[in-house]
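For reference, the chains in residue letters:
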Amino acid sequence: MPSPVLISLDAMGGDHGPPVVVAGVRDYRQRHGGEGVRFLLHGDETAIRAEMAKLALGDDVCEVRHTDKVVAMTEKPAQAMRRGKGSSLWNAIEAVKLGEAGAVVSAGNTGALMAISKLLLRMSAHGLERPAIVASWPTLRGVTAVLDVGANIESDAEQLVEFAIMGEAFHAAVHGAERPTIGLLNVGSEDMKGHEEVREAARILREGGFGLDYKGFVEGDDIAKGTVDVVVTDGFTGNIALKTAEGVARFISALLKEALTSSVSAKAGALLALPALKRMRQRIDPSAINGGPLLGLNGIVVKSHGGADAVGYGNAIRIAVDLARSDYLQKVSDSLSRLTLVLEQPPAEGAAMETPQ
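Small disclaimer: the values here were computed from a predicted structure and weren't measured.

Criteria and thresholds
- Residues numbered from 1 in each chain as written.
- Predicted model: local features only at pLDDT ≥ 70, side-chain atom pairs only at ≥ 80, totals over all residues.
- Heavy atoms only, no water.
- Phe/Tyr/Trp six-rings, centres within 6.5 Å; stacked < 30°, edge-to-face > 60°.
- Helix = DSSP H or I, 4+ residues; strand = E, 2+ residues; numbered from the N terminus.
- Buried < 20%, exposed > 50% of the residue type's maximum accessible area, 1.4 Å probe, protein only.
- Contact = heavy atoms within 4.5 Å.
- Polar contact = N/O pair within 3.5 Å; in protein donor to acceptor, adjacent residues only side chain to side chain.
- Pairing = 2+ DSSP bridges.
- Salt bridge = Lys/Arg side-chain N within 4 Å of Asp/Glu carboxyl O.

J.: I'm lost on the packing of aromatic side chains in this one. Help?
T.: The description of two aromatic rings rests on the distance between their centres and on the angle between their planes. Enumeration over the complete set of coordinates arrives at one aromatic pair. Centre to centre, the rings of Y28 and F39 are 6.2 Å apart; their planes meet at 80°, and the pair counts as edge-to-face. Taken together, the residues Y28 in helix α1 (residues 18–32) and F39 in strand β2 (residues 37–43) connect sequence positions 11 residues apart. This pair shows no difference in class: Y28 is buried, exactly as F39 is.

So, in structure tokens, the structure goes:
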């Protein structure tokens, strides 16, 4: 029997608010069963209950907590922290801080979500300026977790190791890998390649005794190949890689659309191939897998795309439930404690910098 869990939802966040959030709850229940999962919805009670009535969702599934206050999608993080108390976003996160909910999901303002989450939940990883964002990246072998993809522009060796620890625990909890493999994104697989921080991170991962299945350096083309389960990099590099992949996916889709509408016979063929083409687009576009957890917090926070539909929002809920039911937070805490001990010990003089392949 799955353990019971309460998921806190910012019902006013995103481009659509209650219509998609409530429909996302129904989608999650239809596709994943929803046994033992209840929801705490924060926002305009009248609007939320109107959507609940349309979809036949009762108080046994959804508890509603009213607030008139909403953090705008255009609001700056500093403004959100000063003026956001009592908003649907703030209250949804606070439910996790108070131990009422096991996780929070929001499709709202990303900067505000990160800032308020850090303020209320605090960071679990020493030295992280802000939570790391993880992307679930479709690959030839399934799904690879890539982090950071935009939150921490510069990352030192210690932070890269923290990303590896958090990414490994995330992949095991959400994507089911028993012992996820890990690689550091670099400009080459040779041990002398890359800047000092990435080479030092490689040394710590090899010698730290974290129990991680570290495979060494990987290159950009290894992401789509699925060479490893978790790819670790700084937020600057990760964000460029993510946006490039999303752009390539849209480019390929545009070329296919152009080719398949070029003639009557092509249009007929496209009609027959449409289901397969939709599946292909989802496979090649990292943005199609909705739900990016903010890793490194003392609590589980999942960011949904602002424009997500009910299916996408339901997937973000699934990720939140999987993390809330796992030992993710404890596993990360134990490994970060081990990292602190490792960093207190200077590396052995003349330690080899060889990276296992």
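Resuming the write-up.
J.: Is there a simple way to explain the environment of E75 in this structure?
T.: On the secondary structure map, E75 appears in the loop between β3 (62–66) and α3 (77–83). The buried category is assigned to E75, whose relative accessible area is 14%. A C-alpha to C-alpha distance of 7.4 Å links E75 and A112, two positions 37 residues apart in sequence. Setting aside anything within four residues of it in sequence, one finds E75 in contact with A80, R83 and N109. A polar atom in the side chain of E75 sits 3.3 Å from the side chain of R83.

J.: Which parts of the structure should I look at to understand the pairing of strand β4 (residues 103–106)?
T.: A regular strand carries its side chains on alternate faces of the sheet. Burial of β4 is two-sided: the residues A103 and V105 facing one way and the residues V104 and S106 facing the other way are all buried. Across three bridges, strand β1 (residues 5–10) lies against β4 in parallel orientation. Residue pairing for β4: L9 is matched across the bridge by V105. Bridge count between β4 and strand β11 (residues 301–303): three bridges; the pairing is parallel. Bridging across to β11, V105 finds its partner in V302.

J.: Would you take a moment to explain the pattern of salt bridges for this structure?
T.: Where charged atoms from two side chains of opposite charge approach closely, those side chains can pair. Overall, the coordinates contain 15 salt bridges when judged by the stated rule. Between E100 and R65 there is a salt bridge, with the nearest N and O atoms lying 2.7 Å from each other. Residue E100 is located in the loop between α4 (88–97) and β4, and its partner R65 is located in strand β3; the two are separated by 35 residues in the primary sequence. A relative accessible area of 29% means that R65 is categorised as partly exposed. In this structure, the salt-bridge partner of R203 is E207, at a minimum N-O distance of 2.9 Å. Residue R203 and its partner E207 are located together in helix α7 (residues 196–207), separated by four residues, close to a single helical turn.

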